[in-house]
Amino acid sequence: MIVSWNTTNKCNLTCSHCYRDAGEKYKEELNTEEAKTLISQIARAGFKVMIFSGGEPLMREDIFELIEYAAKLGLRPVMGTNGTLITKKIAKRLKEVGTAAVGISLDSLDYKKHDEFRGYDGAFRDTVKAMINCYELGLRFQVHTTVMDWNKEEIISIADFAAAIGASGYHIFFLIPTGRGENIQKEMLGAGEYEELLMKIMKKQQQMDIEIKPTCAPQFIRIANKIGTKVRYSKGCIAGIDYCIINPKGQVQPCAYLNEITGDVREKPFDEIWKESALFNELRSLNYKGSCGKCSYKNSCGGCRARAAYYNDGDYMAEEILCMLSSR
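Residues numbered from 1 in each chain as written. Predicted model: local features only at pLDDT ≥ 70, side-chain atom pairs only at ≥ 80, totals over all residues. Heavy atoms only, no water.

K.L.:
I would appreciate a short explanation of the side chain of His 114 in the present structure.
P.N.:
As for its position among the elements, His 114 is in helix α4 (residues 111-118). Under the relative-accessibility criterion, His 114 is labelled buried at 1%. If sequence neighbours within four positions are ignored, His 114 has contacts with Ser 105, Leu 106, Asp 107, Ser 108, Ala 123, Phe 124 and Thr 127. (Helix = DSSP H or I, 4+ residues; strand = E, 2+ residues; numbered from the N terminus. Buried < 20%, exposed > 50% of the residue type's maximum accessible area, 1.4 Å probe, protein only. Contact = heavy atoms within 4.5 Å.)

K.L.:
Could you clarify how one ought to interpret the packing of α4 against helix α5 (residues 123-136) in this entry?
P.N.:
Packed helix pairs are characterised by how far apart their axes lie and by the angle those axes make with each other. For the pair α4 and α5, interaxial distance at closest approach is 8 Å and the crossing angle is 100 degrees. The pairing of α4 with α5 is recorded here as roughly perpendicular in orientation. Taking contact as the criterion, the partners of Tyr 111, His 114, Asp 115 and Arg 118 in α4 are, on α5, Ala 123, Phe 124 and Thr 127. Split into classes, the residues belonging to the contact of α4 with α5 amount to three nonpolar, two polar and two charged. (Axes fitted to C-alpha atoms, helices over the stretch in contact; angles between N-to-C directions. Parallel < 35°, antiparallel > 145°, perpendicular 65-115°, else oblique. Nonpolar A, V, L, I, M, F, W, Y, C, P; charged D, E, K, R; others polar.)

K.L.:
Would you mind showing me how to read the nonpolar core here?
P.N.:
For soluble globular proteins, nonpolar side chains are generally found buried alongside one another. Counting 94 residues, the largest nonpolar core has Tyr 170, Phe 174 and Phe 270 as the members making the most contacts within it. Among the elements that make up this core, the one with the highest residue count is helix α7 (residues 191-205) (six residues). Apart from the residues lying within four places of it in its own chain, the contact partners of Tyr 170 are Val 143, Thr 145, Ile 155, Ile 158, Ala 159, Ala 162, Ile 210, Glu 211, Ile 212 and Lys 213. Residues Cys 11, Cys 15, Cys 18 and Ala 22 belong to the second largest nonpolar core, which totals five residues. (Core = buried A, V, L, I, M, F, W, Y, C linked by side-chain atoms within 4.5 Å.)

K.L.:
Please clarify how α4 should be interpreted in this entry.
P.N.:
Because each turn of an α-helix spans 3.6 residues, side chains separated by three or four positions end up pointing in the same direction. For α4, the set of buried residues is His 114, Asp 115, Phe 117 and Arg 118. The buried side chains of α4 occupy one side of the element, clustering within an arc of 165 degrees when seen end-on. For α4, exposure combined with an orientation more than 90 degrees from the buried face picks out Lys 112 and Glu 116. Residues of α4 that are buried make contact with β4 (101-105), α5 and β5 (141-147). The opening residue of α4, the one whose side-chain oxygen lies 2.9 Å from the backbone nitrogen of Lys 112, is Asp 110. Where α4 terminates, the next one or two residues include Gly 119, which has phi positive at roughly 70 degrees. (Arc of directions from axis to C-beta. Polar contact = N/O pair within 3.5 Å; in protein donor to acceptor, adjacent residues only side chain to side chain.)

K.L.:
Looking at this structure, I do not really get the packing of helix α1 (residues 32-44) against helix α2 (residues 63-72). What am I missing?
P.N.:
Axis separation between α1 and α2 bottoms out at 10 Å; the angle between their running directions is 25 degrees. It follows from the interaxial angle that α1 and α2 lie roughly parallel. α1 and α2 meet at a crossing whose hand is right-handed. Residue-level inspection shows Thr 32, Ala 35, Lys 36, Ile 39 and Ser 40 of α1 in contact with α2, the latter providing Glu 65, Leu 66, Tyr 69 and Ala 70. Residue composition of the contact of α1 with α2, grouped by class: five nonpolar, two polar and two charged. (Left-handed = near helix turned anticlockwise from the far one by under 90°.)

K.L.:
Just to check I follow, could you spell out α7 for this structure?
P.N.:
In this model, α7 (15 residues) spans 21 Å end to end at C-alpha, consistent with the 21 Å of a helix rising 1.5 Å per residue. Tucked inside the fold, the buried residues of α7 contact β5, α6 (155-165), β6 (169-174), β7 (211-215), α8 (220-227) and α12 (305-310). (Expected span 1.5 Å × (residues − 1).)

What follows is the structure, encoded as structure tokens:
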């Protein structure tokens, strides 16, 4: 099971697609002691992997202390970062406190496109340097890319780049229009383009030693099975099933892109929210509607629940209309 904690809303970049609309720190963010209580409850709930994300997690002053605390409790701490702050000194410190891996975002091999998307001149340079720093210090890292219509032709090339620079994996995120991402809906792929790209990605996986993992595109399970690509995942969308997030204010959500609050860790322990939430238990029922409910891949794919909610007036159990098997 995997949990992601948005440690802060503070960020040094202004990325066009940011689901958190990150920038300024919230006054209501969990303090150090509250964060440690949360981490203890996460371990008690049986989670294995804890993602420290943001905003930009490296802008939180106590981040190393909290990662070390999680590691001592037996969790596998990993970090989701834009990478621009990972100097050799930071990479060394991350490794020392027990960080198992970092996910570093790179959206184009064209530095101008990446910098523009991230809202910072020099983002490409600093991000690639971060990868080199991690590799040289023996800190495991993977490359993350958000797919848009303007970089879809680069995805396979970025996979090759990730392998060449020493990444352990390449995770490809399919946009859901939340936060600032709602402003760039026109740059999203259509259902046919999703299907075509997922096919290319799964065929590429057959040629690669590193893992390639589409995220927020659960149909990849169906496509992988169809063409015989071996993947270590048995379920596409795991929101509320084997995954959830805690936002910077301590509110629990099924995933980063599904803005339904199911509990507050300041009011109720996280492990109780995870076990008792009516929203989570509804997601676990797999009682989907429309095409998703009738689909033979219901158990292995599940459709993207966040995308289903966005295009169906908040109904997260509805069918996902950007799937090729959708009835719409």
